[in-house]
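Here is how the chains run, residue by residue.
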Amino acid sequence: ERMCMVCDMLITAKGDIHAYQFYPAVMFSHARFTYTEVAAILSNTKGPEAAKRKARVQDLLNLSDVYKALLSSRAVRGAVDFETTETQIVCDENGRIEKIIARTRNEAHRLIEEAMLAANVCSADYIAQSKHAGLFRVHEGPTPEKIETLRNYLKATGLPQTIGDEPKPGEFQTIALATKDRPDALQIHSMLLRSMSQAIYTPANSGHFGLAYDAYTHFTSPIRRYPDLLVHRVIKAILNSRKYKLPVLPLPGEAHEKLAKRLASRASKKVAEPTVKFSKSQTEENLAWQAAGLHCSANERRADEASRDVEAWLKCKYMREYLGEEFDGVVSSVTSFGLFITLDAMYIEGLIHITELGGEYFKFDEARQELRGERTGIKYAIGTKVRVQVSKVDLDARKIDFRFVQKGGGKGDDLLARAMKDKGYGGEKSSASYGAPRSDRSKASHASSGKAPKSAIADRKSKAKKSSKSASAVSKTGLSSLSGPGPMTKSSAKVAAKKENNAGAFKKKMKSRR
């Protein structure tokens, strides 16, 4: 038995909330389920899991019907729904990281999420209707700058869909559904997400853009948060016909100040009229709730950053064991200084610096979110599949560096050949011999001329004896200087040595860039 606050709802077959009421109660749990167990029962009501929980199967089926109705209502509203991958770090008995896997969401997870969303909507409506101050969860639409960036991107990718000057959530969902089967779906959905703002806690309600709700707050959530507790206290106060007074909150920190500046910068922008209008006598109370919203939003950011920092440290510690090993991955983000790659097998992200992409000059195309080679036209965008090698792990900085791995002399070698050709070091065949031992370069050069090494040397010797002029001509072609021993003048020997030194230096430079 547990004390609880109940949100009792009447939901129609179309998924609309027809009526609701709040009241405190004592909850008696008839069963303790896991998400995996409930998903198994819903998928097979005659399976072994259902047989063990026979008395509760019908209750779960009724709840599943409610979930399907809420899901249909979500589609009608046009709420944004992107599938994202969350990771789970699995450790052994000694606390050592064993593996990193993707956390899967099944029907049971989605069922609970929809039930929570419905309760949160009811609580926001209840507070708004009572005219009592409280915290709403507000998610504003994209800024004009982000709208323009997204439009340019959609146009550049050739998509027929676009968004208006004041976009609706349904427009984003339409694009997401229309592109879900495209090869570049990951890239498109990533850009849609980036165009949106972060949600905040505030006493001024202006709706939730992503979920397509006029009013939304946090009455319940998978992990209990302080804003949830404040909402519970407000609802209890309303039920008892009294006012809830906020406690004295801690002094604001750095995160608080950053968020305050962000909200102040938006003050001049047009937003919806707040649901709760405060009189002069309520100004002090309004300011207190604004401070509470800032406090909760800032602490939410701090908690998220701390969580990401710990996860990044654990992943770096895990990847130290794989230094030098190669993995397949996909480009998850593109910047002007390189590519962020997420490994397929481990869901770990690292950076390939732009200097590791070969001997090509890359330009960052912000509209298309890609790096494109200036000469070759090679491009890297979100969703591009690559093979990388783990080159560096910095545990203190929480950073992982990758090196680009070529498959069987692929793009990297082509880039090298073209770059060397542009520098005047010969064609593709001769450039392939740079960096090899002198004897190998001699064989490669003679092979390209179609003559055997000995006959070529003899031929040059006979020509050198007949005329020093012809010997100088041979030296000037660059063939003698790169194809093994042979008679040449003192000046031609210096030219040959200089060319060879230049070739070696250029090859060394190209290798370091690769």
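1. Notes on unusual backbone geometry
- In this structure, serine 241 takes a positive phi of about 55 degrees despite not being glycine.
- Looking at where serine 241 falls in the secondary structure, it is placed in the loop between helix H8 (226-239) and helix H9 (254-265).
- Relative accessible area serves as the criterion here: at 70%, serine 241 is assigned to the exposed category.
- Even without being glycine, glutamine 369 reaches a positive phi, approximately 55 degrees.
- One can find glutamine 369 in the loop between strand S10 (362-365) and strand S11 (370-373).
- You can call glutamine 369 buried: its relative accessible area is 7%.

2. Digging into the packing of helix H1 (residues 35-43) against helix H4 (residues 107-130)
- It is at 7 Å that the axes of H1 and H4 come closest, and there the two elements cross at 105 degrees. Accordingly, the angle class assigned to the pair H1 and H4 is roughly perpendicular. Within the contact between the two elements, H1 uses Tyr35, Val38, Ala39 and Leu42 and H4 uses Ala108, His109, Leu111 and Ile112.
- Considering only residue class, the contact of H1 with H4 consists of seven nonpolar, one polar and no charged.

3. Description of the side chain of serine 297
- As for its position among the elements, serine 297 is in helix H10 (residues 283-319).
- Relative accessible area serves as the criterion here: at 1%, serine 297 is assigned to the buried category.

4. Let's talk about the sheet that holds S10
- Here we have three strands laid out as an open sheet, ordered S10-S11-S12, and antiparallel in their pairing. With one partner strand each, in any of the chains shown, S10 and strand S12 (379-381) form the two edges of the open sheet. Pairs of neighbouring strands in the sheet enclose a mean axial angle of 20 degrees, with direction left out of account.
- Across three bridges, S11 lies against S12 in antiparallel orientation. Note on S12: the bridge partner recorded for leucine 371 is tyrosine 380.

5. Here we look at the environment of valine 405
- Mapped onto the elements, valine 405 comes out in the loop between strand S14 (399-404) and helix H11 (411-422).
- For the pair valine 405 and glutamate 326, spaced 79 residues apart in sequence, the C-alpha to C-alpha distance is 7.9 Å.

6. A look at the side chain of arginine 301
- With respect to the secondary-structure elements, arginine 301 resides in helix H10.
- Residue arginine 301 is classed as buried on the basis of its relative accessible area, which comes to 14%.
- Within polar-contact distance, the side chain of arginine 301 engages the backbone oxygen of alanine 199 at 3.2 Å.

7. Regarding the packing of aromatic side chains
- Inspection of the entire model under this criterion finds twelve aromatic pairs.
- A ring pair is formed by tyrosine 20 and tyrosine 126, whose centres lie 6.5 Å apart and whose planes are at 85 degrees; its orientation type is edge-to-face. With tyrosine 20 in strand S2 (residues 17-27) and tyrosine 126 in helix H4, this residue pair connects regions lying 106 residues apart in the sequence.
- With centroids separated by 5.9 Å and ring planes inclined at 70 degrees, the aromatic side chains of tyrosine 322 and phenylalanine 327 adopt a geometry described as edge-to-face. Across this residue pair, the class does not change: tyrosine 322 and phenylalanine 327 are buried.
- Aromatic ring contacts, followed pair by pair, group Tyr20, Phe22, Tyr126 and Phe219 into a single cluster.
- We note arginine 53 situated over the ring of phenylalanine 33; from NZ or CZ to the ring centre the distance is 4.6 Å.

About the thresholds
Residues numbered from 1 in each chain as written. Predicted model: local features only at pLDDT ≥ 70, side-chain atom pairs only at ≥ 80, totals over all residues. Heavy atoms only, no water. Helix = DSSP H or I, 4+ residues; strand = E, 2+ residues; numbered from the N terminus. Buried < 20%, exposed > 50% of the residue type's maximum accessible area, 1.4 Å probe, protein only. Axes fitted to C-alpha atoms, helices over the stretch in contact; angles between N-to-C directions. Parallel < 35°, antiparallel > 145°, perpendicular 65-115°, else oblique. Contact = heavy atoms within 4.5 Å. Nonpolar A, V, L, I, M, F, W, Y, C, P; charged D, E, K, R; others polar. Pairing = 2+ DSSP bridges. Polar contact = N/O pair within 3.5 Å; in protein donor to acceptor, adjacent residues only side chain to side chain. Phe/Tyr/Trp six-rings, centres within 6.5 Å; stacked < 30°, edge-to-face > 60°. Lys NZ or Arg CZ within 6 Å of the ring centre and 35° of its normal.

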